[in-house]
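Below are the chains, spelled out letter by letter.
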Amino acid sequence: MNEYVEQVAAPLRGPRRLRADMLAELGDGFEEAVAELMDAGFARDRAVADAAAEFGPPPLVAAELQRELAAAQAHRTAWTLLIALPALTIMWDLFGGEGDPGLAVTLLARLTDLATAAAFTVAALVVARRLEGRAVLCGAVGLAQIAVALGCAALIAVVGPRGEGGPAPLAWLALQAASIAASVWIAGSAFRSVRVGRAAT
Amino acid sequence: MDADGIHGQLDTLILATLQRGEAHGYAIIAALKESSGEQLDLPSGTVYPALRRLERAGFVAGKWTQASGRRRRVYAITEAGSAALAKGRADWLALREVMTAVLGT
């Protein structure tokens, strides 16, 4: 990687493969510009300096590339939310047990559903390009959903009914394990989205 | 004309260049300079993210190729890109008419 491309690459955050692909393309173009200037009779040092001036200030090019990385990360996180959130909801509806859980638990469950619906809606709008590139927003609603879901789950564990009506112990363990895995997946992707999006602003 | 002068028009200019045939980033930069009579003072590096933006929008399709030992990412305009170019042209002509009317030239 030449010095110019290294300067462009330094502040970039986002999906590794896309980042490498865009930098490879920029580097190839830069080397082509250098080769053309050398063919015109310039020494390599002068050709590199002229090509760098022609390509523009590295922070300017980096900012444009970062916007693309943010859009890609937003898209990726949105798909994570679109897959994981309905899967979690359906799983709990199917295997979360039967019977009346009481008013407090019902309200807490509805609050979780509300946060899930909000995150799902934002994710759908990102994928549908109505909120394209909104990496920070997409990540923030994902993190908010996880925070609300964990908070409500903790409260339900304290105020919820014991024994009858709940899921069987094995099903309960499987549900907990799947929920933790999905939550870690969502939180990781959402956190990356906020981080990459903030780098683009 | 400097970069500020063509702000917002770069995508249309790239699409117009690609309508003449597929090309890689540096060839697009060269074509833009040549067709503008060297009047376009554009930081060449910004053409690459613009191409990715156009690809994300579905206006161009890019693929890596290997020719004469050199690896290049070549772009072709899509049907949606041609439609966007037609709209860009129409918008530009409308703006030019307004500017001409107001400036009285």
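For the structure, check the block above.
What comes next is a walk through the structure. Since this is a predicted model, take the numbers as computed values, not measurements.

Quick look at unusual backbone geometry
So, step 1. In this structure, Arg129(A) is a non-glycine residue whose phi angle is positive, near 70°.
So, step 2. On the secondary structure map, Arg129(A) appears in the loop between helix H5 (103–127) and helix H6 (135–159).
So, step 3. The exposure class of Arg129(A) is partly exposed, given its relative accessible area of 43%.
So, step 4. Of note in the backbone geometry, Glu38(B) takes a positive phi value of approximately 60° without being a glycine.
So, step 5. When you line up the elements, Glu38(B) lands in the loop between helix H2 (25–35) and helix H3 (47–56).

Describing H3(B)
So, step 1. Along H3(B), 7 of the 10 residues are buried, which leaves the element largely enclosed by surrounding structure.
So, step 2. Immediately beyond the C-terminal end of H3(B), within one or two residues, lies Gly58(B), with a positive phi of roughly 85°.

What to know about the packing of helix H2 (residues 16–39) of chain A against H3(B)
So, step 1. It is at 10 Å that the axes of H2(A) and H3(B) come closest, and there the two elements cross at 135°. When the axis of H2(A) is compared with that of H3(B), the two are oblique. In terms of crossing hand, the pair formed by H2(A) and H3(B) is right-handed. Along the contact surface, H2(A) presents Leu18(A), Asp21(A), Met22(A), Glu25(A), Leu26(A) and Gly29(A), while H3(B) presents Tyr48(B), Leu51(B) and Arg52(B).

Some details on the interface of chain A and chain B
So, step 1. Contact residues are listed per partner, giving 24 residues for chain A and 23 residues for chain B.
So, step 2. Summing both sides of the interface, chain A and chain B together bury roughly 2000 Å²; the carbon and sulfur share of this comes to 49%.
So, step 3. If you look at where chain A meets chain B, you find 9 salt bridges.
So, step 4. Two residues, Arg72(B) and Glu32(A), come together in a salt bridge whose shortest N-O distance is 2.4 Å.
So, step 5. Our count for the chain A to chain B interface comes out at 14 residue pairs in polar contact (both at pLDDT 80 or more).
So, step 6. Mapped onto the side of chain A that touches chain B, the elements with two or more residues apiece are H2, helix H3 (44–55) and helix H4 (58–95) of chain A.

Looking at the packing of aromatic side chains
So, step 1. Per the counting criterion, the structure on display carries 4 aromatic pairs over all chains.
So, step 2. Measuring from ring centre to ring centre gives 4.9 Å for Tyr4(A) and Phe30(A), while their planes differ by 5°; the resulting arrangement is stacked. A residue pair is termed long-range when its members are at least 10 positions apart, and Tyr4(A) in helix H1 (residues 3–9) and Phe30(A) in helix H2 qualify at 26 residues.
So, step 3. Taking 5.9 Å as the distance between ring centres and 20° as the angle between the ring planes, the aromatic pair formed by Phe55(A) and Tyr48(B) counts as stacked. With Phe55(A) in helix H3 and Tyr48(B) in helix H3, the pair connects residues from two separate chains. Each member of the pair, Phe55(A) together with Tyr48(B), is buried.
So, step 4. Three or more aromatic residues joined by ring pairs make a cluster, and in this case those are Tyr4(A), Phe30(A), Phe55(A) and Tyr48(B).
So, step 5. Just above the ring of Trp64(B) sits the side chain of Arg71(B); from NZ or CZ to the centre is 3.9 Å.

Conventions and cut-offs
Residues numbered from 1 in each chain as written. Chains lettered and ligands numbered in written order. Predicted model: local features only at pLDDT ≥ 70, side-chain atom pairs only at ≥ 80, totals over all residues. Heavy atoms only, no water. Helix = DSSP H or I, 4+ residues; strand = E, 2+ residues; numbered from the N terminus. Buried < 20%, exposed > 50% of the residue type's maximum accessible area, 1.4 Å probe, protein only. Axes fitted to C-alpha atoms, helices over the stretch in contact; angles between N-to-C directions. Parallel < 35°, antiparallel > 145°, perpendicular 65-115°, else oblique. Left-handed = near helix turned anticlockwise from the far one by under 90°. Contact = heavy atoms within 4.5 Å. Buried area = accessible area lost by both parts, 1.4 Å probe. Salt bridge = Lys/Arg side-chain N within 4 Å of Asp/Glu carboxyl O. Polar contact = N/O pair within 3.5 Å; in protein donor to acceptor, adjacent residues only side chain to side chain. Phe/Tyr/Trp six-rings, centres within 6.5 Å; stacked < 30°, edge-to-face > 60°. Lys NZ or Arg CZ within 6 Å of the ring centre and 35° of its normal.

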